[in-house]
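Listed below, chain by chain, are the residues.
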Amino acid sequence: MYIPFMNKKSLLYRIYDLYYDGFRNMTLGRTLWTVILIKLVVIFAVLKVFFFPDYLKEHSEKGHEADYVATQILKQ
């Protein structure tokens, strides 16, 4: 099967090979990426649950969320 942009001289292949080789051979970077991923999980999963409640669920009826948003936008 021939994929035209994946020959060894193409720019996309060289970029892919650069990143693939870099991630495969890194040692300290794996630990840093693990820390980054854990922090992202904390930011987007845990903080969302505790600090960002479902405002529409509390202030509008089920199935009429779009109407509530439209009225709030048009009020201002």
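Residues numbered from 1 in each chain as written. Predicted model: local features only at pLDDT ≥ 70, side-chain atom pairs only at ≥ 80, totals over all residues. Heavy atoms only, no water.

Comments concerning helix α2 (residues 28-51)
Right, on to step 1. Between its first and last C-alpha, α2 extends 33 Å over 24 residues, near the 34 Å set by a 1.5 Å rise per residue.
Right, on to step 2. If you look at α2, its biggest bend is around 25 degrees, right at V42. (Helix = DSSP H or I, 4+ residues; strand = E, 2+ residues; numbered from the N terminus. Expected span 1.5 Å × (residues − 1). Bend = angle between axes of the 7 residues up to and from the residue.)

Focus on the environment of T71
Right, on to step 1. With respect to the helices and strands, the residue T71 is situated in helix α4 (residues 65-75).
Right, on to step 2. Taking relative accessible area as the criterion, T71 reaches 41% and is therefore assigned partly exposed.
Right, on to step 3. Here the alpha-carbon distance between T71 and T34, two residues 37 residues apart in the chain, equals 44 Å. (Buried < 20%, exposed > 50% of the residue type's maximum accessible area, 1.4 Å probe, protein only.)

Here we look at the confidence of the model for the protein
Right, on to step 1. When the pLDDT values of the protein are averaged, the result is 82; 91% of them are 70 or greater.
Right, on to step 2. For the protein, the element scoring lowest by mean pLDDT is helix α3 (residues 55-59), at 82; α4 scores highest, at 89. (pLDDT = per-residue confidence, 0-100.)

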